Amino acid sequence: MTQSNRIAGGLVDRSKQLSFTFNNKSMTGYEGDTLASALLANGQRLVGRSFKYHRPRGIFSAGSEEPNAMVHLRRGAAQEPNTRATVAELFNGLEATSQNHRGSLEFDLMSVTDLASPFLSAGFYYKTFMWPKKFWEKLYEPAIRASAGLGRLSMQEDPDSYDKGFLHCDMLIIGAGPAGLMAALTAGRAGARVILADEDHLMGGRLNAETLSVDDQEGSAWAAAAAAELDAMPNVRLMTRTSVYGAYDHGVYGALERMTDHVPTSGGKPRQVLWRIYTKRAILTAGATERSIAFPMNDRPGVMLAGSVRTYVNRYGVAPGKKVAVFTNNDDGWRTATDLHAAGVSIAAVIDSREITPLAAIPGALILMGASVASTSGYLGLKSIATSSGVKIETDCLAVSGGWSPNVHLTCHQRGRPTWRDDIGAFVPGGDLPIGMHVAGAGNGSLALASSLKEGANVSASVASDLGFAATAAFPSAEDQSTDITPFWHVEGKGRAWIDLQNDVTVKDVKQSQAEGFRSVEHLKRYTTLGMATDQGKTSNVLGLAIMAEATGKSIPETGTTIFRPPYSPVPIGALAGRARGKDFRPFRLTPSHKWAETHGADFVEAGAWLRAQWFRKGSEKGWRDSVDREVEATRGSVGICDVTTLGKIDIQGRDAAAFLNKVYANGFAKLAVGKVRYGLMMREDGIVMDDGTTARLRENHFIMTTTTANAGPVFRHMEFARQCLWPGMDVHLISTTDGWAQFAVAGPNARNLLSKIVDMDISNEAFPFMACAETTVCGGTPARLFRISFSGELAFEIAVPARYGDAMMTKLMEAGEEFDATPYGTEALGVMRIEKGHAAGNELTGQTTANNLGLGKMVSKKKDSIGNKLSERPEMNREDDLRLVGFKPVDTSKPLAAGAHFVDNGKEAVTKNDLGWMTSVAYSPELGHSIGLGFLKKGDQRKGDKLRAVDLLRGGEVKVEVVSPHMIDPEGERLRA
Amino acid sequence: MIINHPLLGPRDAAEFYVMGDADLINRPDPDAEGAAEAFYEYAYLRDNPAGEHRELWYHEQGDRSWLVVTRSTLTHEIMNVEMARDVALAKGRGQ
């Protein structure tokens, strides 16, 4: 295809021709083109099908407001749907395909929906597919989804990477049009740290699209010079291809920078960067967006916004039509006619809804004042139009201007409301701007060039002065073009008149929704979908409101706007995720013995923020159970070693350390002797158990607390709250030392024999009894802490060394344990042994259990004040028939138990009113030779020996169980005291 | 949001953990008359004003200070930031 519509002029580089394809058709364009300008240059007016009626659609605008021209860009995994052709920069080899049609773009099989359009008005789906109810999920919804909608995902993993970044500045200037450039120059020259961001790759905004001059230069040349001056300032950062999409609290802005979207591949670089910009002040110079007029059949390819038609001619050197007509309600629309005529494009007619003197004489053009467009023809592209008075005009491009709406979006992100200005027929920013935000230029309603330049400079000078910079406003010479408007929204007539092209919302839909009682604009939006989807109604919202106002007989300001929310333009989910995907979704920590475990067959599991070994596969072991059973048997039979570094460790020091522990633990700690460890139960103030662990008193004023792995952070936070807010007068200090010490459990009958080879002290039962602790050394001098505590129920120690010795310690323990066949064990074996011993863990400490539930009610001291004691005395938490933690074994010991099963008495139906509790944890006990369980059972403490049904309604299945003591192995604790 | 930490200056709210009503500092005296009722109210009843609110914020990704932040729940404007420990001491909390 040749570039049949390419004309002279514009800012494209004709020395750099680029090839691309659209629906596999080869085309060419130039560097500086967008996909849209290149398609138009090649005479491709039809680019897509509409959302609901599958109407043929063309390019409507020349910017991020585009409702129609959405395409799939690229192929394979990198394919991106719903890319606006108007902002996609052309590159060599670009591949684009059209969306939302079955069969070819020209002969879309789904366009039959258009014939059914009289029935498909607002609320059609809600009203029609209500019954039968079960048809919705299986039939209606899939069918509707297949016919409606936008582009398709590649269904492959996104091959690109995305990054996040943080920036700080004195002044963020949003939009680099005339006002933005002046604001940046003024603040930059004064020495302020400035960021100037614009969504375009070229600074200048409308200056690049108009034939207006500044300082006797072409506007685009002045903009390029201004950008060059700014670029040379070390205190100014220019960010092109960057959309500032949201204004957040306290001067924080969100911005998306497209780094490699304009080149064939990202080449390993981040494709996009999501910036969080911290500002002292921001100046919004976001310009204005043109809107359309609703007239019958105004959606055909070739019907475009007048300012955009001008953009294609002036900036890209592309004539969107051979014979262009203009339909306007304002003076700015005339600029399209005069600019195009000057560029040699034939003008068929200028149709102005106002009864005024024509603004210009255009040779060869029909000038119709007080007229409007009442119909159009041309299914796949505009062929002709007819006016209300019946004048038929041959034209292939109708440039429509319904006036310009300032881009007030960001001013409303903190729930600000815009105010209506009758003189320009548009909403402008209201008074309640986000803190630190100022507005200037067309975005503030100053639509004409000289005013915009001046306002940009003045606002910037005033803001910079506020911040302590000596700024002066200097203006270039320019003229104010005339922008007079007499609002005119909609032409009555036969045929549908579109308001929102992206969602196929017509004047009829708005009127119908009003008639059906949807009076609020928010309801109108949700009922008709006006202003939703990727364009967020940038070209349609005000038009929709005006027609709503007309229908209700209210004024536009009375009708109001819907709430503007971020993002201003679409932000890909990939950019929001950034690097946090796959295994990098969140950081994880490795235990000191991780490398050792990796080389010894470990399978890892996420535990809190850690990766822990869950078992170590050995030799010919086939399944995890083989490994876990062996590890349990080896530990109970001789000695096992487990890395328990992940348990939270809090170092507590100070004269009041003991008194402080007495406050945060429900049981007493004041009298704990130096060199001893005690089990502690921690409650929340409402009397529910929060966490448990052991605390060792190393010295008079020095304690080491351990927490569960998962609660290390929350417990520390809770203790800091108690220290700073509840008992600020206590002399106590907390440090988290979880990462500082590598800690290993050494458990089993040979634990002492093994450790005595390493530890430089006497650890006989007499010298170092159960629940003893000491600061000591290992291997002849390495500092260590030794605790005689046992989670497994065996004779056991936990030995801690500074974390940097952790890996060496693991190797040393295994070496010393060789003669005892020492066995490393993982979290699964740890779990089996704690269930055998009836110790509570995460499955039991659910944030809903009391000390009584756990059978630990007696631990809660009545003699002292501690967090949770008072409220744990409430009668409901001390019911005699409350749940109690007990053990279970299957009556038929060949049957496995299932966690989550509920208990019901024999002969009772498995329904809620007969529910007696549930199984919390189950395991296979190699020592007992059958499955065992822990669970909460009503009056469980009084039901030992009873037989119950354990019913698993969710997965099916039922097992008869016998209630047993939760201490299923060595109930007297003889082993751990050995 | 930006919280102006009394010791560290302006910090992003993302560095903090928020726990709501600063009334949690006022833990009742367990030995006073009606302590059970007072604890019940302390644990469960909070004000949830539309407007000025004193809240507890914990600088978890920072220096671990608990702060009392006076903030408008309507505009997110922050009027005052204090060290919670100072607030607690001023209220006569000690041992």
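Above this text sits the structure in question.
Note that the structure is a prediction, hence the values are computed from the model and not measured.

**Student:** Where do I start with the overall build of chain A in this structure?
**Tutor:** Counting its regular elements, chain A contains 21 helices and 50 strands. Along the first, second and third principal axes, the C-alpha atoms of chain A reach 115 × 70 × 55 Å. Within chain A, contacts between residues separated by at least 24 positions form 67% of all contacts whose residues are at least 6 apart in sequence. Counting every atom, chain A has about 38,500 Å² of accessible surface; 53% of that belongs to carbon and sulfur. The positive charge centre, built from 109 side chains, and the negative charge centre, built from 109, are 4 Å apart in chain A.

**Student:** Explain the overall build of chain B to me, please; I cannot follow it from the model alone.
**Tutor:** Assigned secondary structure in chain B consists of two helices and six strands. Listing each helix as α and each strand as β along chain B from the N terminus yields β-β-β-α-β-β-β-α. Taking all 95 residues of chain B together, 45% fall into the buried category. Considering only intrachain contacts with a sequence separation of at least 6, the fraction spanning at least 24 residues in chain B is 47%. About 5,000 Å² of surface is accessible on chain B, with carbon and sulfur atoms providing 46% of the total. Each charge class in chain B can be summarised by its mean position, and for the 9 positive and 17 negative side chains these summaries are 5 Å apart.

**Student:** It is not clear to me how the interface of chain A and chain B should be interpreted in this structure. Could you clarify?
**Tutor:** Interfaces are frequently sized by the accessible area removed from exposure as the parts join. Each partner contributes to the interface: chain A provides 30 residues, whereas chain B provides 33 residues. The junction of chain A with chain B conceals about 2,800 Å² of combined surface from both sides, 55% of it contributed by carbon and sulfur atoms. One can count five salt bridges joining chain A with chain B. Looking at the side of chain A that touches chain B, the elements with two or more residues in it are β15 (272–284), α18 (712–726) and β39 (733–736) of chain A. Top element by residues in the side of chain A that touches chain B is α18 of chain A. It accounts for eight residues. Its residues assigned to classes, the side of chain A that touches chain B shows 13 nonpolar, six polar and eleven charged.

**Student:** I'm lost on the sheet that holds strand β1 (residues 13–22) of chain A in this one. Help?
**Tutor:** The strands that make up a sheet pair up through hydrogen bonds in the backbone, lying either parallel or antiparallel. Residues and elements named next belong to chain A. Taking strand neighbours across the sheet as the criterion, the five strands line up as β2-β1-β7-β5-β6 in an open arrangement whose pairing is mixed. Looking at strand neighbours, the two that pair on one side only are β2 (25–31) and β6 (80–84), the edges of this open sheet. Strand-to-strand twist in this sheet, taken as the mean axis angle between neighbours without regard to direction, amounts to 40°. Where β1 and β2 come together, seven bridges link them in antiparallel fashion. From the neighbouring strand, F22 faces β2, where its bridge partner is K25.

**Student:** Would you mind showing me how to read the state of the cysteines here?
**Tutor:** Residue and element names in this part refer to chain A. Counting across every chain of the model gives zero disulfides over all chains. Its sulfur unpaired, C779 is 19 Å from the next cysteine sulfur, which belongs to C642. Take C779: its relative accessible area is 40%, and that puts it in the partly exposed class.

**Student:** Is there a simple way to think about the pairing of strand β22 (residues 384–387) of chain A in this case?
**Tutor:** Walk down a regular strand and you will see the side chains alternate between the two sheet faces. Residues and elements named next belong to chain A. Every second residue of β22 is oriented toward a common face, with S384 and A386 on one face and I385 and T387 on the other, all of them buried. Pairing between strand β21 (residues 373–377) and β22: four bridges, direction antiparallel. Bridging from a neighbouring strand, S375 pairs with A386 of β22. Following β21, the chain reverses through six residues before pairing antiparallel with β22; G378 in that reversal takes a positive phi of roughly 115°. The pairing of β22 with strand β23 (residues 392–394) spans three bridges and is classified as antiparallel. The partner of A386 across the bridge, within β23, is K392. Joining the antiparallel neighbours β22 and β23 is a turn of four residues, in which G390 adopts a positive phi near 90°.

**Student:** So what exactly am I meant to see when it comes to the pairing of strand β47 (residues 917–925) of chain A here?
**Tutor:** Residues and elements named next belong to chain A. Strand direction decides the pairing type here: β47 and strand β48 (residues 930–938), joined by eight bridges, are antiparallel. Bridge assignment links S925 to a residue of β48, and that residue is H930. Counted between consecutive antiparallel strands, the loop separating β47 from β48 contains four residues, among which G929 sits at a positive phi close to 80°.

**Student:** How should I be thinking about the pattern of salt bridges in this particular structure?
**Tutor:** Once their charged atoms are close, side chains differing in charge can pair, the charge on each being opposite to the other. Applying the stated criterion across every chain yields a total of 60 salt bridges over all chains. Between D12 of chain B and R276 of chain A there is a salt bridge, with its nearest N and O atoms 2.7 Å apart. Residue D12 of chain B is found in strand β2 (residues 9–12), and its partner R276 of chain A is found in strand β15; the two belong to separate chains. Classification of R276 of chain A by relative accessible area gives partly exposed; the value is 32%. When the shortest N-O distance is used, the salt bridge between E794 of chain A and R975 of chain A registers 2.7 Å. With E794 of chain A in the loop between β42 (782–787) and β43 (796–802) and R975 of chain A in the segment after β50 (958–964), this pair connects stretches of sequence that are 181 residues apart. The network of salt bridges with shared partners includes R206, E210, R310, D332 and R335 of chain A.

Cut-off values and rules
Residues numbered from 1 in each chain as written. Chains lettered and ligands numbered in written order. Predicted model: local features only at pLDDT ≥ 70, side-chain atom pairs only at ≥ 80, totals over all residues. Heavy atoms only, no water. Helix = DSSP H or I, 4+ residues; strand = E, 2+ residues; numbered from the N terminus. Contact = heavy atoms within 4.5 Å. Areas by Shrake-Rupley, 256 points an atom, 1.4 Å probe, with all protein chains shown as cover. Lys, Arg positive; Asp, Glu negative; His and termini not counted. Charge placed at Lys NZ, Arg CZ, Asp CG, Glu CD. Buried < 20%, exposed > 50% of the residue type's maximum accessible area, 1.4 Å probe, protein only. Buried area = accessible area lost by both parts, 1.4 Å probe. Salt bridge = Lys/Arg side-chain N within 4 Å of Asp/Glu carboxyl O. Nonpolar A, V, L, I, M, F, W, Y, C, P; charged D, E, K, R; others polar. Pairing = 2+ DSSP bridges. Axes fitted to C-alpha atoms, helices over the stretch in contact; angles between N-to-C directions. Disulfide = S-S within 2.5 Å.

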